[in-house]
Amino acid sequence: MQRWRGLEDIPQDWGRSVVTIGSYDGVHRGHQLIIGRAVERARELGVPSVVVTFDPHPSEVVRPGSHPPLLAPHHRRAELMAELGVDAVLVLPFTAEFSQLSPADFIVKVLVDKLHACRVIEGPNFRFGHRAAGNVEFLAELGATYDYEVEVIDLRVSGAAGGGEPFSSTLTRRLVAEGDMAGAAEILGRPHRVEGIVVRGAQRGRELGFPTANVETLPHTAIPADGVYAGWLTAAGERMPAAISVGTNPQFDGTERTVEAYAIDREGLDLYGLHVTVDFLAYVRGMLKFDTLDDLLVAMADDVKKCRELTAAYDGQ
């Protein structure tokens, strides 16, 4: 799959293509319907499929300080899109100047002049251009002039997550913030993931017999609610069952919120400086301050037991 950063990265000889545009944070099951349709239509027409997305999130430019927590960084979204069969991903730097483009100028500069779109696939609520003035009706109207067709896909998917609310990135972020990892996974189609570099912490876990990888997460990452979770730690291509702690470590009066993962039944791991991923399977318990250190150790041993059982059951499905 080709990855482009900005319009200037698009090959000069790029031909017709099927295009879909959106933030697509998380590439959840609703997004997968639209992207999957774009891939399917491109194959039918014998042309490549392109996903156009933005960095940073448009809200951060239009309303500074309002950047939403991200369900997946751009490289992860690209990986997920590649798994869906997408041929190219175009990340457009979203600047103040870019935000001023009228809907018509956006269509000409991106869809017509650069991507030579023959078909555009979008959801019914797609908005674009300055002040989000463009919609799918306007997109289709200009398609008659610029020789492309517009196909609108209903991305409405719902299930048990969120009490039956339609699946969306907003709902997923809320469930992650609440620690509802089962609900988030239902929407995403996979466990929620955070990633980053392993850095040195206070090393209390090592002293207590449960050495943890202290993960310095990427900016704006959607971090689950404070608590203990079952999941997996992946480092250097190896996926390991893990007990994951999120919070400020109230037992030792901590103030900095961290994500720490203990690789279950693994000894002698040296992960400092490595880029790792942490996948959250299930909430185990809240973050507590125990009366004694012995009480904490008993709870940690029980946490590890539960996490071992939960991850083994999931992998055995």
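Provided above is the structure to which this section pertains.
In this report, the structure presented in the accompanying data block is examined.

Criteria and cut-off values
Residues numbered from 1 in each chain as written. Predicted model: local features only at pLDDT ≥ 70, side-chain atom pairs only at ≥ 80, totals over all residues. Heavy atoms only, no water. Buried < 20%, exposed > 50% of the residue type's maximum accessible area, 1.4 Å probe, protein only. Helix = DSSP H or I, 4+ residues; strand = E, 2+ residues; numbered from the N terminus. Pairing = 2+ DSSP bridges. Axes fitted to C-alpha atoms, helices over the stretch in contact; angles between N-to-C directions. 1 Å grid on protein atoms, 1.4 Å probe; cavity = no way out; pocket = protein on both sides within 12 Å on 5 of 7 lines; lining within 4 Å. Points joined across faces, edges and corners; volume = space filled by probe spheres on them. Nonpolar A, V, L, I, M, F, W, Y, C, P; charged D, E, K, R; others polar. Parallel < 35°, antiparallel > 145°, perpendicular 65-115°, else oblique. Left-handed = near helix turned anticlockwise from the far one by under 90°. Contact = heavy atoms within 4.5 Å.

### A word on the pairing of strand β11 (residues 258-263)
Right, on to step 1. For β11, the buried fraction is high: six of the six residues fall into the buried class.
Right, on to step 2. Burial of the side chains of β11 extends over both faces: Thr 258, Glu 260 and Tyr 262 are buried on one face and Val 259, Ala 261 and Ala 263 on the other.
Right, on to step 3. Pairing of strand β8 (residues 213-217) with β11 involves three bridges; the strand directions are antiparallel. Bridge pairing in β11 links Val 215 to Val 259.
Right, on to step 4. Bridge analysis of strand β10 (residues 238-247) against β11 gives six bridges, and the strand direction is antiparallel. Bridging across to β11, Ala 243 finds its partner in Tyr 262.

### Side note on the sheet that holds β11
Right, on to step 1. Pairing is antiparallel around the closed barrel formed by six strands, whose spatial order is β7-β8-β11-β10-β9-β12. Between one strand and the next, the sheet's axes are offset by a mean angle of 45°, whatever the strand orientation.

### Focus on unusual backbone geometry
Right, on to step 1. In this model, Asp 55 is joined to Pro 56 through a cis peptide bond whose omega is 0°.
Right, on to step 2. Assignment of secondary structure puts Pro 56 in the loop between β3 (49-55) and α2 (58-62).
Right, on to step 3. With a phi close to 65°, Asp 147 is a non-glycine residue in the positive phi region.
Right, on to step 4. Relative to the helices and strands, Asp 147 is located in the loop between α6 (136-146) and β6 (149-152).
Right, on to step 5. Using a relative accessible area of 54% as the deciding quantity, one classes Asp 147 as exposed.

### Comments concerning empty space enclosed by the protein
Right, on to step 1. Counting across every chain of the model gives one cavity of 30 Å³ or more.
Right, on to step 2. Taken as a whole, the largest cavity spans an internal volume of roughly 70 Å³.
Right, on to step 3. Lining the largest cavity, in full, are Gly 26, Leu 71, Ala 72, Pro 73, Arg 76, Leu 188, Arg 190, Pro 191, His 192, Arg 193 and Glu 195.
Right, on to step 4. Take the lining of the largest cavity: its biggest share by element is three residues, from strand β7 (residues 192-199).
Right, on to step 5. The class makeup of the residues in the lining of the largest cavity is five nonpolar, two polar and four charged.

### Overview of the packing of helix α5 (residues 103-112) against α6
Right, on to step 1. Where α5 meets α6, the closest approach of the two axes is 11 Å, and the angle between their N-to-C directions is 55°. The orientation of α5 relative to α6 falls into the category oblique. For the pair α5 and α6, the sense of crossing is right-handed. Counted together, Pro 103, Ala 104, Ile 107, Val 108, Leu 111 and Val 112 of α5 and Phe 138, Leu 139, Leu 142 and Tyr 146 of α6 form the full contact between these two elements.

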